[in-house]
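Working through the structure, step by step
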Amino acid sequence: MTHPTTATQGRTDRDRVTRTLRVLMLAQFFPPDIGGEERHVLNLATELVRRGHRVSVATQLLPGTEPYEELDSGIRVHRFASTAMRLAGLYSDAARPHHLPVPDPALTGALATLIERERPDVVHAHNWIVNSAVAVRRGRSRHPFKLVLTLHDYSNVCATKRMMRAGVPCDGPGLARCLPCAAGHFGPAVGTATALSVPVMRRWKNHAVDHIVSVSNAVADRNGVPGSPVPSSVIPNFVPDRLLEAHPQTADPDLPEGDFLFFAGDLIRDKGVVVLLDAYAALGAGRPPLIMVGRPSPDVPARLPSGVRLHQQWPHPKVMAAFRRSTVAVVPSIVPDSCPTTVLEAMASGRPVVTTRTGGMVDMVEDGVSGLLVPPGDSAALAAALRRLLADPHLRDRLGAGGRERVLQFTASSVAARVENVYREVCGA
């Protein structure tokens, strides 16, 4: 029996990874539960299937979902009961039990079995669910696989994942700061355990992950990725190419006939909801309606300025239609959002976007070219930017066109190829 030489084996490996790859995506939540991270995982999996790869997704079995389904695109979705689900009382939203900051015992066992059955070339984990994949790998999985981690937030160093402390951006991790901050966010027992677990798991990941993808430069820098021993890259979130196609406008009774401002996202303080309402009130008489769509929260004041219309979550096509009809799209986050898809969706719609000069937004929007940037938390600056756009239709058209040009760098066809290259690199290593 002959054996391949090293050079021949190397060519065989390279040939294999240029053809079909078996990819297992790990996501704590997945549609029908929809947020920015969930939509990114779905879009990435869909694009990888379109490019000829075999893709499965492993996620939590949430109420109203089935343990297994195959989507029309060919994506196979496996849903498992997790230990986190049994601890629902620890979460402010029992319907969304986030993955633990350590390996989840139930998910770890389920993933080990699934990996043995699916035999993926690459396991691509998103945020803390990677901890369960790390446990599988360090437990000497019988099937060897490469492990890629995408960081969508600051969970590599921050127990609350937000890099915010006392309502302002945090300077960086440290037990003296993290322990009281996490305790205030989660409660004393859970907060302390989470704050202590994050640095321990970071060291584990440094020995088990083959590549770290950060969705923005802010995420990479604040998570300390450039200084870690793990190869890394910055690859942003993206929107499907079809969002750039022409879409006929249709009547919608929930949308005004004329000008209006549009916000889509969780209706919480972190997303700048209170700042936006203050800025909107400051616009004074003659201001156009403000349409706000998203999950409700107690952060929304009981009394709203006249002209504000609140709606709970809409289907994504309806949100996109609202972006295309809007006069100005507003994304006023006060936290350093990592890479908010809503900014990209507004840009793809050809509408001028006003967002804040923090987090991943500075990677996405060039101030005065593809949108306007204002300081986070500054309602006066936000109001001034809105007045400027409402008064100048030529500026609106120019920024809308600039946004559509800029978003070409954030489409599925552009970004998925970069993720695919990461898979090829780790499989060929």
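Structure report, in brief. (Residues numbered from 1 in each chain as written. Predicted model: local features only at pLDDT ≥ 70, side-chain atom pairs only at ≥ 80, totals over all residues. Heavy atoms only, no water.)

Another point: the side chain of D363. Following the sequence through the fold, D363 ends up in helix 12 (residues 361-364). Buried charge D363 goes without a salt bridge, the closest partner of opposite sign being R406 at 6.6 Å. Non-local contacts of D363, meaning those with residues more than four positions away in its chain, are made with S216, N217, R406 and F410. (Helix = DSSP H or I, 4+ residues; strand = E, 2+ residues; numbered from the N terminus. Buried < 20%, exposed > 50% of the residue type's maximum accessible area, 1.4 Å probe, protein only. Lys, Arg positive; Asp, Glu negative; His and termini not counted. Salt bridge = Lys/Arg side-chain N within 4 Å of Asp/Glu carboxyl O. Contact = heavy atoms within 4.5 Å.)

Moving on, we get to the sheet that holds strand 5 (residues 122-126). Read across the open sheet, the eight strands follow the order 3-4-2-1-5-6-9-10; overall the sheet is mixed. With one partner strand each, in any of the chains shown, strand 3 (68-70) and strand 10 (232-234) form the two edges of the open sheet. Each adjacent strand pair in this sheet contributes to an overall mean axis angle of 20 degrees, direction not counted. Sheet analysis places strand 5 next to strand 6 (residues 146-151), joined by five bridges and oriented parallel. Bridging from a neighbouring strand, A125 pairs with L149 of strand 6. Helix-sheet contacts for helix 4 (residues 105-118) involve strand 1 (22-26), strand 2 (54-60), strand 4 (76-80) and strand 5, and the interaxial angle to strand 4 is about 150 degrees. (Pairing = 2+ DSSP bridges. Axes fitted to C-alpha atoms, helices over the stretch in contact; angles between N-to-C directions.)

Take the side chain of E37 next. In this fold, E37 is placed in helix 2 (residues 36-50). Although buried, E37 forms no salt bridge, and the nearest oppositely charged side chain, K161, lies 6.6 Å from it.

On to unusual backbone geometry, then. The omega angle of the peptide bond from P31 to P32 is 20 degrees, so this bond is cis rather than trans. Looking at the secondary structure, you find P32 in the loop between strand 1 and helix 2. Even without a glycine there, the phi angle at R119 is positive, about 50 degrees. Among the structural elements, R119 can be located in the loop between helix 4 and strand 5. Of the residues examined, R119 reaches a relative accessible area of 39% and is grouped as partly exposed. A positive phi angle, close to 65 degrees, is found at N127, a residue other than glycine.

This model, assessed by the stated rule, comprises zero disulfides. The structure places no disulfide on C181, whose sulfur is separated from the nearest cysteine sulfur, that of C158, by 6.2 Å. (Disulfide = S-S within 2.5 Å.)

Turning next to the environment of A329. Position of A329 among the secondary structure elements: in strand 14 (residues 328-331). The buried category is assigned to A329, whose relative accessible area is 0%. For the pair A329 and L261, spaced 68 residues apart in sequence, the C-alpha to C-alpha distance is 6.0 Å. Ignoring anything within four residues of it in the chain, the contact list for A329 reads F262, F323, A346, P352, V353 and V354.

This part takes up the pattern of salt bridges. Considering all chains together, one arrives at 15 salt bridges under this definition. One salt bridge in this structure joins R51 and E420, with 3.0 Å as the shortest N-O distance. Highlighted residues: R51 in the loop between helix 2 and strand 2 and E420 in helix 15 (residues 412-428), separated in sequence by 369 residues. Among the residues examined, R51 registers a relative accessible area of 29% and is labelled partly exposed. Under the relative-accessibility criterion, E420 is labelled buried at 5%. Residue D266 pairs with R295 through a salt bridge whose shortest N-O separation is 3.1 Å.

The next point concerns the pairing of strand 12 (residues 290-293). Because side chains alternate across strand 12, one face comprises the buried residues L290 and M292, and the other comprises I291 and V293, equally buried. Across four bridges, the pairing between strand 11 (residues 261-264) and strand 12 is parallel. Looking at the pairing, L261 lines up with L290 of strand 12. Pairing of strand 12 with strand 13 (residues 308-311) involves four bridges; the strand directions are parallel. Counted as the bridge partner of M292 is L310 from strand 13.

These results come straight from atomic positions and should not be treated as a statement about function.
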